[in-house]
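Residue strings, one per chain:
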Amino acid sequence: MEIEGRVWVVGDSVTTDAMYPGYAMKLPLPEAARHVFYDLRPGWTDEVREGDVVVAGRNFGLGSSRPVASLFLELGVRALLADEFNSLFLRNCINFGLPALTVPGVRGIFADGDTARVDFVEGWCENVTTRAKIQAEPLPDFVRDILAAGGLLPKLAREGYVPR
Amino acid sequence: MGMTMIEKILARSAGLDEVRAGQTVVSEVDMTVLIDLQFATGWVQPLRIADPAKVAVIMDHAVPAPTLHDAEAGPRARKFARDYGIDRFYDVGRHGICHQVIAENGLARPGEVLACTDSHTCAGGAYNTAARGLGPAEVYSILCTGRTWFTVAPTIRYELVATLPDFVSGKDIFLHIAGKHGDATNRNLEFGGPGLASVPMHDRRTIATQCAEISADFATFGVDEVCRGFLDAHTDRPYTPADADEDARYEDIREIDLSTLEPYVARPGTVSHNAIPVSQLEHRTVDQCFIGSCANGQLEDLRIAADILRGREVAPGVRLLVTPASQKVYRDAVRLGYVEALADAGAVVTNSTCGACFGYHMGVVAAGEVCLTASTRNFKGRMGSPDAEIYMASPATVAASAIAGHVVDPRKEIA
């Protein structure tokens with residue numbers, strides 16, 4: 001499980017409301033996705049493209065259970081990296097099939113526009129632009145199983161709990 | 001080596017004698033709670049579920065439906081409850097904010113595991129329950145399989161001593177903690193000590209609920225006589241509390257002398273390292289005041305507000321909104337005269353819903369406005385415009401401030 005993508009860097013304690021504001025919950029997903037970082041980085045959703053990676057600082061995703069990962073996937077974001085995740089946000093990302101890896105120090109080695117290479121099995125990430133690399137903890141096997149299925153719902157469908 | 005409260009509950013739920021911080025376990029879930037939002041977006045009715053007797057469905061976030069999108073959740077929820085024979089279905093009229101309904105119906109029980117989508121599910125920790133928000137996909141998975149995984153985080157214990165002064169509430173205890181210690185990301189919080197006896201159940205639930213704001217995993221309280229009194233009235237099945245062992249291992253133990261606390265207020269944006277005593281806040285006028293949510297829409301919160309507002313008036317130019325946390329709270333507040341006192345003072349008392357707390361309906365704030373809220377969250381944009389400012393305080397502080405027209409210490413205003 002290795003990916004490479006262009007990086008966007010955000011700060012510490014970026015909240016779920018900054019990514020999925022309350023008013024956007026009234027909209028269908030493709031429209032709601034246009035409001036990610038609506039106040040933090042206005043216009044960002046016009047610039048992000050398929051395959052990009054979002055890198056954040058501490059306590060990433062503080063806040064609610066709204067499925068932010070669905071919006072990132074809608075926009076083409078392929079992975080999240082952070083110094084530290086809020087645990088509900090981390091679970092929510094994985095459960096919706098968006099790879100998310102805790103890499104202490106990651107925010108310090110990336111700037112907007114750099115290219116990141118990430119290996120979720122071995123648990124490292126590298127700034128391809130600067131060659132800085134950080135080894136962290138790999139994703140556990142059961143988490144990789146969820147991601148490999150594309151999230152919990154496809155996994156449950158495979159196991160016969162949900163209509164295919 | 002002993003275990004903390006949460007370690008004991010997770011060990012029990014996983015069929016293990018012992019768990020340690022850092023360990024990942026698979027837990028049997030005792031109660032799974034679905035909310036209306038689950039049915040509004042991406043709902044597919046499952047082909048089979050683990051156990052209908054361990055499921056509750058509660059309509060709370062967007063009721064009565066403010067949009068067609070939300071309205072469509074209703075028939076799906078009703079069909080699901082009917083098809084699977086879900087007895088614990090709290091439809092509009094029997095409804096409330098899920099964490100309040102969970103408490104009223106004894107669904108959060110000592111030593112057990114409770115799963116719900118909503119981030120404030122940690123509220124159940126007030127009843128010694130391992131309860132936390134897990135997101136819609138995971139709650140759906142637990143609905144189907146009856147279990148999920150947890151990685152045991154290190155625990156920080158708050159040791160409460162002395163007695164809570166008048167007009168100082170659970171909200172103030174929480175804001176003191178958040179202001180002084182900041183966030184507790186990937187940590188469990190545990191509350192106990194001799195001072196706990198002076199903290200009533202509604203205040204414990206405010207504290208447990210708000211631990212989501214400091215990014216904690218689980219927040220659990222011990223079971224004492226006060227808690228047993230509550231549980232006796234709300235559950236008739238026997239339960240097994242999880243007490244912390246004498247030699248439990250904590251990352252930190254922090255003592256709080258309750259007698260030294262005063263009313264606190266959080267400035268806009270976050271509660272972490274951003275809350276100060278109201279007495280230290282500069283003059284701050286308010287446009288909207290709000291008392292509600294799973295944190296502060298409890299009957300006792302409404303009583304406190306009603307007692308302050310009875311015979312007084314909300315200041316000109318100020319809106320005061322009060323949202324009971326459940327239909328039961330609403331009905332009790334009507335019977336006890338709280339609604340009359342609030343409405344006579346100029347407050348708008350709404351139906352029970354998550355509504356204004358998450359900036360969705362019934363009380364959205366405009367750019368440039370200042371809102372003082374006794375609810376869960378003060379993030380930028382949380383209650384409407386990102387250019388509104390959201391301050392957070394206790395129901396007493398909010399009620400007194402609504403009369404004054406600016407943020408005041410309720411002890412001075414009500415003297």
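Per chain, residue numbering runs from 1 following the sequence as it is written. A letter from A marks each chain and a number from 1 marks each ligand, given out in the order of writing. pLDDT decides what is reported in this predicted model: residues at 70 or higher carry local features, side-chain atom pairs at 80 or more are listed and counted, and totals for whole chains, interfaces and linings draw on all residues regardless. Side-chain numbers here rest on the full set of heavy atoms in the structure, without hydrogens or water.

Looking at an unreviewed UniProt entry, chain B carries the name 3-isopropylmalate/(R)-2-methylmalate dehydratase large subunit, with the source organism given as Kutzneria buriramensis.

As recorded in an unreviewed UniProt entry, chain A goes by the name 3-isopropylmalate dehydratase small subunit, listed as coming from Kutzneria buriramensis. UniProt positions are given in the numbering used here, feature names are shortened, and annotations may be inferred rather than shown by experiment. Checking UniProt for chain A, the heading Sequence similarities (unreviewed entry) contains the comment "Belongs to the LeuD family. LeuD type 2 subfamily."

Draft legend 1. Structural detail: the interface of chain B and chain A. Each partner contributes residues to the interface: chain B has 41 residues there, and chain A has 33 residues. Approximately 3,400 Å² of surface area, both sides summed, lies buried where chain B meets chain A, with 57% of it carried by carbon and sulfur atoms. By convention, the term buried area covers the 1.4 Å-probe accessible surface removed from two parts as they join, with the contributions of both added. Per-residue buried area on chain B facing chain A is highest for W149(B), Y360(B) and F379(B); these three make up 17% of the total on that side. Salt bridges are identified by distance alone: a Lys or Arg side-chain nitrogen within 4 Å of an Asp or Glu carboxyl oxygen. The interface formed by chain B and chain A holds four salt bridges in total. The partner of E138(B) in a salt bridge is R91(A), with the nearest N and O atoms 2.7 Å apart. We call two N or O atoms a polar contact when they sit within 3.5 Å, provided that within protein one can donate a hydrogen and the other can accept it, with sequence-adjacent residues counted only if both atoms are side-chain atoms. Counting every contact that joins chain B to chain A gives 16 residue pairs in polar contact (both at pLDDT 80 or more). Working definition: helices are DSSP H or I runs of at least four residues, strands are E runs of at least two. Numbering for both runs from the N terminus. Every element with two or more residues in the side of chain B that touches chain A is listed here: β6 (130-133), α6 (136-145) and β7 (147-151) of chain B. Per element, the largest residue contribution to the side of chain B that touches chain A is seven residues, and it comes from α6(B). Throughout, a contact is declared for two residues whenever any of their heavy atoms are within 4.5 Å.

Draft legend 2. Structural view of the side chain of T32(B). Residue and element names in this part refer to chain B. By secondary structure assignment, the location of T32 is in strand β2 (residues 31-35). Note on classification: 1.4 Å probe, protein chains only; a residue is buried when its accessible area is under 20% of the maximum for its type, exposed when over 50%, partly exposed between these limits. Since its relative accessible area comes to 3%, T32 is described here as buried. Contact partners of T32, with chain neighbours within four places excluded, come to K54, V55, A56, A115, V139, I142 and L143.

Draft legend 3. Region of interest: the domain arrangement of chain B. Residue and element names in this part refer to chain B. Note that the domain bounds reflect an automated or database-derived domain assignment. Structurally, chain B comprises domain 1 (5-258) and domain 2 (266-408). Between domain 1 and domain 2, the C-alpha centre-to-centre distance is 24 Å. When the two sides are added together, the surface that domain 1 and domain 2 hide from each other amounts to roughly 2,800 Å², 58% of it contributed by carbon and sulfur. Counting the contacts that link domain 1 with domain 2 gives one salt bridge. Summed over the shared surface of domain 1 and domain 2, the number is 23 residue pairs in polar contact (both at pLDDT 80 or more). Elements with a minimum of two residues in the side of domain 1 that touches domain 2: α5 (98-104), α7 (170-181) and α8 (201-210). The greatest single-element share of the side of domain 1 that touches domain 2, amounting to eight residues, is contributed by α7. When grouped by side-chain class, the residues that make up the side of domain 1 that touches domain 2 number 11 nonpolar, 17 polar and 10 charged. Polar here means any residue other than Ala, Val, Leu, Ile, Met, Phe, Trp, Tyr, Cys and Pro, which are nonpolar, and Asp, Glu, Lys and Arg, which are charged; Gly is therefore polar.

Draft legend 4. The sheet that holds strand β5 (residues 113-116) of chain B, seen in detail. Residues and elements named next belong to chain B. As summarised here, the arrangement of the five strands in space is β4-β3-β2-β5-β6, forming an open sheet in which the pairing is parallel. Of all strands in the sheet, those with a lone pairing partner are β4 (88-90) and β6, marking the two edges. On average, each strand axis in the sheet is tilted by 15° relative to the strand beside it, whichever way the strands run. Note: β2 against β5, three bridges, orientation parallel. By the bridge assignment for β5, M31 is matched with L114. Note on method: axes are straight lines fitted to C-alpha atoms, helices fitted across the in-contact stretch only, with angles between N-to-C directions ranging 0 to 180 degrees. The strands that α6 touches are β2, β3 (55-58) and β5; relative to β2, the one it contacts most, it runs at about 130°. Only strands that DSSP links by at least two bridges are regarded as paired with each other.

Draft legend 5. Geometry of the nonpolar core. V33(B), L114(B), L189(B) and F191(B) are the most contacted members of the largest nonpolar core, which has 53 residues in total. In terms of residue count, the dominant contributor to this core is α7(B) (five residues). Mapped onto the domain boundaries, this core takes at least three residues apiece from domain 1 (5-258) and domain 2 (266-408) of chain B. In this structure, V33(B) is in contact with A56(B), I58(B), C98(B), I102(B), L114(B), A115(B), C116(B), T117(B) and V139(B), ignoring residues within four places of it in sequence. Listed in part, the 41 residues of the second largest apolar core include L156(A), A157(A), A73(B) and L134(B). Working definition of a nonpolar core: buried Ala, Val, Leu, Ile, Met, Phe, Trp, Tyr and Cys residues. They are joined through side-chain atoms within 4.5 Å.

Draft legend 6. Molecular detail of the pattern of salt bridges. Tallied over the full model, the rule gives 41 salt bridges over all chains. Notably, a salt bridge pairs D183(B) with R58(A), separated by 2.8 Å at the nearest N-O pair. In this pair, D183(B) sits in the loop between α7 and β9 (188-192) while R58(A) sits in the loop between β2 (53-56) and α4 (68-75), so the two residues belong to two different chains. In this structure, the salt-bridge partner of R20(B) is E18(B), at a minimum N-O distance of 3.5 Å. What you see here is one network of salt bridges that share partners, running through E2(A), E4(A), R117(A), E126(A) and R131(A).

Draft legend 7. Region of the structure containing the packing of α7(B) against α8(B). All names here are of chain B. Running from N to C, α7 and α8 cross one another at 35°; their axes reach a closest spacing of 7 Å. Where α7 crosses over α8, the handedness of that crossing is right-handed. Residue-level inspection shows G170, K171, I173 and F174 of α7 in contact with α8, the latter providing D203, T206, I207 and Q210. For any helix crossing, the convention is left-handed if the near helix is rotated counterclockwise from the far helix by under a right angle, and right-handed if that rotation is clockwise.

Draft legend 8. The environment of T270(B), seen in detail. All names here are of chain B. Tracing the sequence through the fold places T270 in the loop between β12 (264-266) and β13 (275-277). When the C-alpha atoms of T270 and D183 are compared, they prove to be 9.7 Å apart, with 87 residues separating the residues in sequence. A polar contact is formed between the side chain of T270 and the backbone nitrogen of S272, at a distance of 3.2 Å.

Draft legend 9. Spotlight on the pairing of strand β14 (residues 288-291) of chain B. All names here are of chain B. Here β14 shows two buried faces, one formed by Q288 and F290 and the other by C289 and I291. The sheet contact formed by β14 and strand β15 (residues 319-322) spans four bridges and is parallel. The residue of β15 that forms the bridge with C289 is L320. One ladder, built from four bridges, connects β14 with strand β17 (residues 370-374); its direction is parallel. Each residue of the ladder has a partner; that of F290, found in β17, is T373.

Draft legend 10. Expanded view of the pairing of strand β6 (residues 124-127) of chain A. Residue and element names in this part refer to chain A. Of the two faces of β6, the one holding W124 and E126 and the one holding C125 and N127 are both buried throughout. Pairing geometry for strand β5 (residues 115-119) and β6, over four bridges, is antiparallel. Across the sheet, residue V118 finds its bridge partner in β6, namely C125. Hairpin connection of β5 to β6: four residues between the antiparallel strands, including G123 at a positive phi of 75°.

Draft legend 11. Fine view of the side chain of S27(B). Residues and elements named next belong to chain B. Tracing the backbone through its elements, the reader meets S27 in strand β1 (residues 24-28). Within the structure, S27 has its side chain in polar contact with the side chain of S13 (distance 2.7 Å). Discounting chain neighbours no more than four positions away, the residues touching S27 are L10, S13, A14, G146, R147, T148 and F150.

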